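For reference, the chains in residue letters:
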Amino acid sequence: MNKVFKVGLIGCGHIAETYFRGHQYFNNFKIVACADINQKAAEKCAKLYNIKSMTVNEILKDKDIEVILNLTIPQSHYSVSKKVLNAGKHVYSEKPLATYFQKGKELVALAKQKKLYIGNAPDTFLGGGGQKAKELIDSDLIGQIKLGNAIFAFPGVENFHPKPESWYKKEGGPVIDMGPYFFTTLVNLLGPAKQVQGRTLTAFKRRNYRAGPNKGKTFKVETPTTYLATIQFHNEAIIQVTLSFDVINHQRNHMELYGTKGSIIVPDPNMFGGSVYISVTEGGRWGEHKTDKMHLGKINITSSSGRSNESPTNANYRSVGMSEMLYAIEKKKKNRCSGELSLHVLDIIESTMKAATTGVPQKIKTKCEKPKRFTEEEVKKILL
Ligand SMILES: NC(=O)c1ccc[n+]([C@@H]2O[C@H](COP(=O)([O-])OP(=O)(O)OC[C@H]3O[C@@H](n4cnc5c(N)ncnc54)[C@H](O)[C@@H]3O)[C@@H](O)[C@H]2O)c1
């Protein structure tokens, strides 16, 4: 029996529901209290899940709570995680680690100094798709990966989000928003990155509100909305990445990697499941490697996200990264969704944005270990 950690939640917004769903899958945490800068949001969440609502200061002082789950907006991740670590608690935060590399670096150093764990989403690479792709690549089926491409592209959040402005401000844009999933998946499969170059474009200077009370009005776009980046990894692979809010529809695969002996199609880095496909002959068949029988690949959602080229049914086990961190705390091991990994990913994010907006290639300053495989036996230890 694993220890069940009492978790305090800060940030009671949209994604909170997904983390409460984690109680159905994982055996080592219970979210017992919640807080938010907006007291009403905390009270609503507490009522819905039958837990205690507190102020941020109260939750940080509560002696029963050893871990804080930080689900605030990206711009608040740094300040909230810093308060948590200074209060002597472990922290697991939604992506990204922070919106600036220097702030992320400070958080990782603070956690180390306080001998506390810091964990960070995305945890999707721990899912069936990410792990099956890793297993196949590591078994040398497609040889050494030399090149590849990845894409996230859709027409923007304003189609469904009533307050889309933050995605189009300086600290927004597609690299901060979706880069964490794609870059973490690439580091999981290829190891750390060393250099990036890129270009940007902005298809629309103003956008239309398409949902909510401002529907019909327009707002200003203050960030590039398309990034085209070329990332070189320490293993010498060169990957072209497209991250865009300017594409109405597309039919490309999320990620294709090309090795010396064959090619692999990696499923959506934003999700946990999906099949992996491999082909080892020119024009030959693509062998399907299913993940829907894997612990973190089983389909558990059946409603379409509406995003381009995204399967209508998929697997979502968000919170496994926190559960794995708690298991690591108990066993005094390193956690997989670590500060080191998320800082390296933040380094790739910031370097990509700088390289693309200035036109000057950027060296990536940090390195991290390639995450270890998360085997089915290991996953089983934290499952209910
Ligand atoms: N919504 C999604 O589908 C989704 C998916 C994956 C990841 N995420 C990530 O999860 C995080 C939260 O996203 P969301 O969609 O739930 O956002 P949201 O805006 O719906 O909720 C965020 C909540 O945090 C609170 N908050 C902000 N700053 C705070 C502070 N300093 N102290 C206390 N509370 C504060 C806000 O009042 C709000 O209630 C983001 O980092 C986002 O990138 C969201």
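Turning to the environment of Thr 302, a few remarks are in order. With respect to the helices, strands and loops of the structure, Thr 302 is situated in the loop between β16 (287-289) and α8 (320-331). Along the chain, Thr 302 and Ala 87 lie 215 residues apart, while their C-alpha atoms are 40 Å from each other.

A word on the site of the ligand. Around the ligand, the structure places 20 residues, and the nearest of them are His 14, Ile 15, Asp 36, Ser 76 and His 77. Here Ile 37 contributes a backbone N or O atom positioned 3.1 Å from a nitrogen atom of the ligand. The side chain of Ser 76 places a nitrogen or oxygen atom 2.9 Å from a nitrogen atom of the ligand. Coverage of the ligand by the protein chains reaches 76% of its 830 Å² of free accessible surface. In terms of residue count, the dominant contributor to the shell around the ligand is helix α4 (residues 74-86) (four residues). Its residues assigned to classes, the shell around the ligand shows nine nonpolar, seven polar and four charged.

Now for the sheet that holds strand β1 (residues 5-10). If you walk across this open sheet you meet the six strands as β3-β2-β1-β4-β5-β6, and the pairing is parallel. Every other strand in the sheet has two partners, leaving β3 (52-53) and β6 (118-120) as the edge strands with one partner each. When strand β2 (residues 29-35) meets β3, the two strands line up parallel, connected through two bridges. The residue bridging Ala 33 from the neighbouring strand is Lys 52, located in β3.

Our next topic: the nonpolar core. Taken as a class, soluble globular proteins show a tendency for nonpolar side chains to be buried jointly. The biggest cluster of nonpolar side chains holds 89 residues, and the ones touching the most others in it are Leu 9, Ile 31, Leu 69, Phe 183, Leu 257 and Ile 264. With ten residues, the single largest contributor to this core is helix α7 (residues 174-190). Residue-level mapping places this core at the junction of two domains, with at least three residues from each of domain 1 (5-120) and domain 2 (125-315 + 338-372). If near-sequence neighbours (up to four positions away) are discounted, Leu 257 is found in contact with Ile 137, Ile 142, Ile 145, Leu 147, Gly 148, Leu 186, Leu 189, Ile 239, Gly 262, Ser 263, Ile 264 and Val 266. Residues Ala 35, Leu 60, Val 108 and Leu 343 belong to the second largest nonpolar core, which totals 24 residues.

Put simply, α7 and helix α9 (residues 339-358) touch, their axes get as near as 9 Å, and they point 125 degrees apart. Overall, the two elements α7 and α9 adopt an arrangement that is oblique. In this structure, α7 meets α9 at a crossing whose hand is right-handed. On α9, the residues that touch Val 175, Ile 176, Pro 180, Phe 183, Thr 184 and Val 187 of α7 are Leu 341, His 344, Val 345, Ile 348, Ile 349, Thr 352 and Met 353.

Moving on, we get to the environment of Leu 186. Locating Leu 186 in the fold gives a position in helix α7. Here the alpha-carbon distance between Leu 186 and Lys 370, two residues 184 residues apart in the chain, equals 9.8 Å. Aside from chain neighbours lying at most four places away, what touches Leu 186 is Gly 191, Phe 233, Ile 239, Val 241, Met 255 and Leu 257.

This brings us to the domain arrangement of the protein chain. Looking at the assigned domains, one finds that the protein chain contains domain 1 (5-120) and domain 2 (125-315 + 338-372). Look at where the C-alpha atoms of domain 1 and domain 2 centre, and you get two points 25 Å apart. Contacts between domain 1 and domain 2 engage 17 residues on the former and 20 residues on the latter. Summing the contributions of domain 1 and of domain 2, the shared interface buries around 1600 Å²; its carbon and sulfur component is 64%. Among the residues of domain 1 in contact with domain 2, Lys 95, Tyr 100 and Phe 101 are the three that bury the most area, contributing 40% of the side total.

Adjacent strands of a sheet form backbone hydrogen bonds with each other and so pair up, either parallel or antiparallel. The sheet built from nine strands is open, its strands ordered β16-β15-β14-β13-β7-β12-β11-β8-β17 with mixed pairing. Each end of this open sheet is capped by a strand with a single partner; those strands are β16 and β17 (362-363). In the sheet, strand β11 (residues 226-233) pairs with strand β12 (residues 238-244) via seven bridges, with the strands oriented antiparallel. When the sheet's bridge partners are listed, Gln 232 is paired in β12 with Ile 238. Along the sheet face, helix α6 (residues 128-138) touches β7 (145-153), β13 (255-259), β14 (263-266), β15 (276-279) and β16 and points at about 25 degrees away from the line of β15. The strands touched by α7 within the sheet are β7, β11, β12, β13 and β14, with β12 carrying the most contacts at an inclination of about 155 degrees.

Conventions we followed
- Residues numbered from 1 in each chain as written.
- Predicted model: local features only at pLDDT ≥ 70, side-chain atom pairs only at ≥ 80, totals over all residues.
- Heavy atoms only, no water.
- Helix = DSSP H or I, 4+ residues; strand = E, 2+ residues; numbered from the N terminus.
- Near = heavy atom within 4 Å.
- Polar contact = N/O pair within 3.5 Å; in protein donor to acceptor, adjacent residues only side chain to side chain.
- Areas by Shrake-Rupley, 256 points an atom, 1.4 Å probe, with all protein chains shown as cover.
- Nonpolar A, V, L, I, M, F, W, Y, C, P; charged D, E, K, R; others polar.
- Pairing = 2+ DSSP bridges.
- Core = buried A, V, L, I, M, F, W, Y, C linked by side-chain atoms within 4.5 Å.
- Buried < 20%, exposed > 50% of the residue type's maximum accessible area, 1.4 Å probe, protein only.
- Domains from an automatic or database assignment.
- Contact = heavy atoms within 4.5 Å.
- Axes fitted to C-alpha atoms, helices over the stretch in contact; angles between N-to-C directions.
- Parallel < 35°, antiparallel > 145°, perpendicular 65-115°, else oblique.
- Left-handed = near helix turned anticlockwise from the far one by under 90°.
- Buried area = accessible area lost by both parts, 1.4 Å probe.

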